[in-house]
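Okay, here's what each chain looks like letter by letter:
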Amino acid sequence: MNDTTSLFDVDDASRPLADRLWPRTLQDVVGQGHLLAADAPIGRMVAGQRLVSMVLWGPPGCGKTTIARLLAEQTDLAFEPLSATFSGVADLRKIFQAAKQRREIGQGTLLFVDEIHRFNRAQQDSFLPYVEDGTIILVGATTENPSFELNGALLSRTQVFVLKRLDEAALDTLISRAEALAGVLLPLDADARQSLIAMADGDGRFLLNMIEQVQNLPSPVDTATLAAAVQKRAPLYDKSQEGHYNLISALHKSMRGSDPDAALYWLARMLDGGEDPLFIARRITRFATEDIGLADPNAVQQALAAWDVYERLGSPEGELAIAQAVLYLATAPKSIGVYRGFNKAWAAAKRTGSLMPPPHILNAPTRLMKDLGYGEGYQYDPDTDTGFSGADYFPEGLPRETFYEPTTGGYERAISERLRHWAQLRDNQSGSTAATPEDN
């Protein structure tokens, strides 16, 4: 790592620490070596002095704006910053016109659009001709999944690079740089230093803001003093965006994988991020029917009970009932027999939707219907010797199909044995029906 004199100009203590520690080169950006190293994609572009339009996708505080500015500096492009939150098509037109004029004198333009996902489709479309003809190099920054937020035409003309949240080593490097700039170590003991890193939760900018709050505290600062002096970073969780779906997917798959500890963790992450507990209750109820089904018929009752308890108690007491249900579902035997069987039946129903039920299972409340054979030959199963008539209940013209195939786990083991028994009875009855007196 370079020393601070190579990273920063003459220090002005009146500026915010994040601004004072702004890197001078791409090599000084921490945590993104997979993109910026000499043999990495962006590093190779800079070395060849030939950038392509790109989208930088990553969490807050990971260096998106810094990278865009340094890309412009290290490739001799004019830097045009723009925020999609405060700008519109009129602002874009001015930038495009200025970029055209620069191009006439041999100067390129890097247009950096922060929060590019906030532009609507028409605004995104306005970039296309200027990106295609090279008038601008577009660098968009977003915290949201570009696949969902950017239109296909723009995505096809850009490369998407995924930035990582800053890991512990990267955050520790930032602390060391702040200490070098100040010429003094932070007044933190070892545990408090680790807590400061944990409180930043991968956000470099937030870490530097916290450092400004603690660097003048009387030494030594322990973990309790640190917690009283600064607030931890709010969880990165947006109930309407990708993080919402990522975490519910993690909870769902942890339960499916029978990992109760991971399931509890993801549940806690969602609740800590402000997720609506009733959304979770609905999803785990769906899980109980989809991923457990008849392997444990009590699973859906547990999920419904948790839902009911939460509606009666609210937060935080009702959240314990949801946690209990999550643990029950995570440790229950799993089966998608019901889910898969229903989908097969649905496909068959759509394929043969006009077939009538066989006459023998139709009610005959009128004389005409009796004359037409409705109900004729129907056997009342409970009155048979075995409680099973073996009758065919499929439509005429549709051969018997097996939709539901239970597993051998949980309660479905007993169901499997029962179905095999009934299949044997059905086969025996079919054989005896086929044997006529003439055959004997």
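Residues numbered from 1 in each chain as written. Predicted model: local features only at pLDDT ≥ 70, side-chain atom pairs only at ≥ 80, totals over all residues. Heavy atoms only, no water.

> How should the overall build of the protein chain be read in this particular structure?
For the protein chain, the helix and strand inventory stands at 22 helices and five strands. The globule rule puts the C-alpha radius of gyration for 440 residues at 22 Å, and the 33 Å found for the protein chain is more than 25% above it. The principal-axis extents of the C-alpha atoms in the protein chain amount to approximately 110 × 60 × 40 Å. Put simply, the protein chain has 440 residues, and 40% of those count as buried. Within the protein chain, contacts between residues separated by at least 24 positions form 72% of all contacts whose residues are at least 6 apart in sequence. By element, 53% of the accessible surface of the protein chain is carried by carbon and sulfur atoms, the whole surface being about 24000 Å². (Helix = DSSP H or I, 4+ residues; strand = E, 2+ residues; numbered from the N terminus. Rg over C-alpha atoms; globule rule 2.2 N^0.38 Å. Buried < 20%, exposed > 50% of the residue type's maximum accessible area, 1.4 Å probe, protein only. Contact = heavy atoms within 4.5 Å. Areas by Shrake-Rupley, 256 points an atom, 1.4 Å probe, with all protein chains shown as cover.)

> How should the sheet that holds strand β1 (residues 54–57) be read in this particular structure?
Through backbone hydrogen bonds, the strands of a sheet pair up, either in parallel or in antiparallel fashion. Here we have five strands laid out as an open sheet, ordered β2-β3-β4-β1-β5, and parallel in their pairing. Among the strands making up the open sheet, the edge pair consists of β2 (78–83) and β5 (159–162). Across the sheet, the mean angle from the axis of one strand to that of its neighbour is 20°, orientation sign disregarded. Sitting on the sheet, helix α5 (residues 64–74) touches β1, β2, β3 (109–114) and β4 (137–142), and the angle it makes with β3 is about 175°. Docked against the sheet, helix α6 (residues 89–104) engages β2 and β3, running at close to 175° with respect to β2. (Pairing = 2+ DSSP bridges. Axes fitted to C-alpha atoms, helices over the stretch in contact; angles between N-to-C directions.)

> Quick question: what am I supposed to make of the confidence of the model for the protein chain here?
The predicted coordinates should not be examined in detail at positions where pLDDT is low. Across the protein chain, the average pLDDT comes to 88, with 92% of residues at 70 or higher. Here residues 1–6 is a poorly scored stretch, pLDDT under 50, and it has eight contacts once near neighbours within four places are set aside; other chains count. Across residues 436–440 the pLDDT falls below 50, and counting only partners more than four positions away or on other chains, this stretch makes one contact in the model. (pLDDT = per-residue confidence, 0-100.)

> Would you take a moment to explain the packing of aromatic side chains for this structure?
Aromatic ring pairs are described here by two measures, namely the spacing of the ring centres and the angle between the planes. In the structure shown here, the tally under the stated rule is eight aromatic pairs. A ring pair is formed by Phe79 and Phe112, whose centres lie 6.1 Å apart and whose planes are at 20°; its orientation type is stacked. Within this pair, whereas Phe79 is found in strand β2, its partner Phe112 is found in strand β3, the two being separated by 33 residues in sequence. Classification of Phe112 as buried rests on a relative accessible area of 3%. Centroid distance Phe96 to Phe127: 6.1 Å. Interplanar angle 80°. Geometry classified as edge-to-face. With a gap of 31 residues between them, Phe96 in helix α6 and Phe127 in the loop between α7 (121–125) and α8 (128–132) connect regions that are remote in the sequence. On the accessibility criterion, Phe127 (0% relative accessible area) is buried. Linked through ring pairs, Phe96, Phe119, Phe127 and Tyr130 together constitute an aromatic cluster. (Phe/Tyr/Trp six-rings, centres within 6.5 Å; stacked < 30°, edge-to-face > 60°.)

> Please clarify how the environment of Asp261 should be interpreted in this entry.
By the secondary structure assignment, Asp261 is in helix α16 (residues 260–272). With a relative accessible area of 60%, Asp261 lands in the exposed category. Considered as a pair, Asp261 and Val326 are 65 residues apart in the sequence and their alpha carbons are 10.0 Å apart.

> Which parts of the structure should I look at to understand the packing of helix α12 (residues 190–200) against helix α13 (residues 204–214)?
Packed helix pairs are characterised by how far apart their axes lie and by the angle those axes make with each other. One can describe the packing of α12 onto α13 by two numbers: an axis separation of 8 Å at closest approach and a directional angle of 135°. Regarding the angle of α12 to α13, the classification is oblique. Where α12 crosses over α13, the handedness of that crossing is right-handed. Between α12, through Leu196, Met199 and Ala200, and α13, the contact on the second element is made entirely by Phe206, Leu207, Met210 and Ile211. Classifying every residue of the contact of α12 with α13 by side-chain character gives seven nonpolar, no polar and no charged. (Parallel < 35°, antiparallel > 145°, perpendicular 65-115°, else oblique. Left-handed = near helix turned anticlockwise from the far one by under 90°. Nonpolar A, V, L, I, M, F, W, Y, C, P; charged D, E, K, R; others polar.)

> Mind showing me how you'd approach the pairing of β4 here?
Successive side chains on a regular strand alternate, one facing one side of the sheet and the next facing the other. Among the six residues of β4, six are classified as buried, and the element is accordingly described as predominantly covered. Residues Ile137, Val139 and Ala141 line one face of β4 and the alternating positions Leu138, Gly140 and Thr142 line the opposite face, and both faces are buried. Pairing analysis gives four bridges linking β1 to β4, with the strands arranged parallel. From the neighbouring strand, Met54 faces β4, where its bridge partner is Val139. Bridge count for β3 against β4 is five bridges, and the pairing is parallel.

> What should I look at first to understand the pattern of salt bridges in this one?
Using the criterion set out here, one finds 14 salt bridges in the structure. Glu115 serves as the salt-bridge partner of Arg118, at 2.9 Å between the closest nitrogen and oxygen. With relative accessibility at 25%, the residue Glu115 sits in the partly exposed group. In this structure, the salt-bridge partner of Arg165 is Asp201, at a minimum N-O distance of 2.7 Å. With Arg165 in the loop between β5 and α11 (168–182) and Asp201 in the loop between α12 and α13, the pair connects residues that are 36 residues apart, well separated along the chain. Assessed through its relative accessible area of 31%, Asp201 is described here as partly exposed. Where salt bridges share partners, they join Asp172, Glu179 and Arg193 into one cluster. (Salt bridge = Lys/Arg side-chain N within 4 Å of Asp/Glu carboxyl O.)

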